[in-house]
Amino acid sequence: MPESKDKQEQWLEQVIEYISDNNTLAEPALLPPNDLAEAQLIKTQAIKLCSTSFTKDQFKDIYDRVIKLYDPNSNDEVDSSIGNLTLLDSSTNRSYKNAIFPIKRKRIIELDKQATYVPLCTKNVFLKYYSENVDKMLYWETKDSEDYQEAMLDIMTDFFTETGAQ
C-alpha cells in the first residue's frame, strides 16, 4: 500500500482512470454484476477522496476494497516469486508502483499499440499466454504464476539439454 499522500493520490487516480466508461464499466462481461456495482461505488468514493484531504484510514478502506475486487487472492509470497517477474524498461517499471494487475495489463497493451518495445515474454504474461485458464483476464492469480513458472522451466530445460542445444 502506498504510504505517502502523493503516492496514494496517484494510486487513486490510476484506479479512477481504470474504472471508467472506457474500461471496466464498458465491459460488463469482465466482472459479475455485483462486482460492477462495487467498482462503480469505489470509483465514486475515490473521486470524492481525491477532492478532499483524506486520512490514511479512508485511503486504506478504498485500497483494501480495490485489492479485494481485483486481486482477491493476493499473496506476498507469490508476488515476490519468479512467477511474478517480467522484463520492463525502468520508466514503465517505476510507473507501476502498487498498481493492480488490470492497470498494469492495460499499460502494456497501450505501449504495444504505440509501437513501444515490450519484450515478447512480458507482453505474453499480461495477455496470459502462459496461463492454462484464461477466464479471469482481470486477475493475476497463483495458478497464473505457476503456469508461467512452468513455461519458463520448460523453455530453459529444452535450451540447456541436448534437444535444445542442437
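Details of the structure are given in the entry above.
Residues numbered from 1 in each chain as written. Predicted model: local features only at pLDDT ≥ 70, side-chain atom pairs only at ≥ 80, totals over all residues. Heavy atoms only, no water.

## Some details on the side chain of Asp147
- Following the sequence through the fold, Asp147 ends up in helix H8 (residues 142–160).
- Residue Asp147 is classed as buried on the basis of its relative accessible area, which comes to 6%.
- Engagement of the side chain of Asp147 in a polar contact is seen with the backbone nitrogen of Glu132, the distance being 2.8 Å.
- For Asp147, the contacting residues outside a window of four places in its chain are Tyr130, Ser131, Glu132 and Asn133. (Helix = DSSP H or I, 4+ residues; strand = E, 2+ residues; numbered from the N terminus. Buried < 20%, exposed > 50% of the residue type's maximum accessible area, 1.4 Å probe, protein only. Polar contact = N/O pair within 3.5 Å; in protein donor to acceptor, adjacent residues only side chain to side chain. Contact = heavy atoms within 4.5 Å.)

## Looking at helix H6 (residues 101–113)
- The end-to-end C-alpha separation of H6 is 18 Å, in line with the 18 Å expected for 13 residues at 1.5 Å each.
- Looking only at H6, the buried set comprises Phe101, Pro102, Ile103, Arg105, Ile108 and Leu111.
- A positive backbone phi angle near 65 degrees is found at Ala115, which sits one or two residues after H6. (Expected span 1.5 Å × (residues − 1).)

## Let's talk about the packing of helix H2 (residues 33–50) against helix H3 (residues 56–70)
- Viewed as axis vectors pointing N to C, H2 and H3 meet at an angle of 155 degrees, and their least axial separation amounts to 11 Å. By the angle class used here, H2 and H3 are roughly antiparallel. Crossing of H2 against H3: the hand is left-handed. When H2 is examined against H3, the residues Asp35, Glu38, Ala39, Leu41, Ile42, Gln45, Ala46 and Leu49 are found in contact with a partner set consisting of Gln58, Phe59, Ile62, Arg65, Val66, Leu69 and Tyr70.
- Broken down by class, the residue content of the contact of H2 with H3 amounts to ten nonpolar, two polar and three charged. (Axes fitted to C-alpha atoms, helices over the stretch in contact; angles between N-to-C directions. Parallel < 35°, antiparallel > 145°, perpendicular 65-115°, else oblique. Left-handed = near helix turned anticlockwise from the far one by under 90°. Nonpolar A, V, L, I, M, F, W, Y, C, P; charged D, E, K, R; others polar.)

## Some points on the packing of aromatic side chains
- For the coordinates displayed, the defined rule picks out ten aromatic pairs.
- When the centroid spacing of 6.5 Å and the interplanar angle of 75 degrees are considered together, the rings of Trp140 and Tyr148 count as edge-to-face. Each member of the pair Trp140 and Tyr148 is classed as buried.
- A network of ring pairs unites the aromatic residues Phe101, Phe126, Tyr129, Tyr130, Trp140 and Tyr148 as a single cluster. (Phe/Tyr/Trp six-rings, centres within 6.5 Å; stacked < 30°, edge-to-face > 60°.)

## Quick word on the side chain of Lys128
- Inspection of the secondary structure puts Lys128 in the loop between helix H7 (120–126) and H8.
- Leaving out residues up to four positions away in the same chain, Lys128 has contacts with Phe101, Val134, Lys136, Met137, Tyr139, Trp140 and Asp144.

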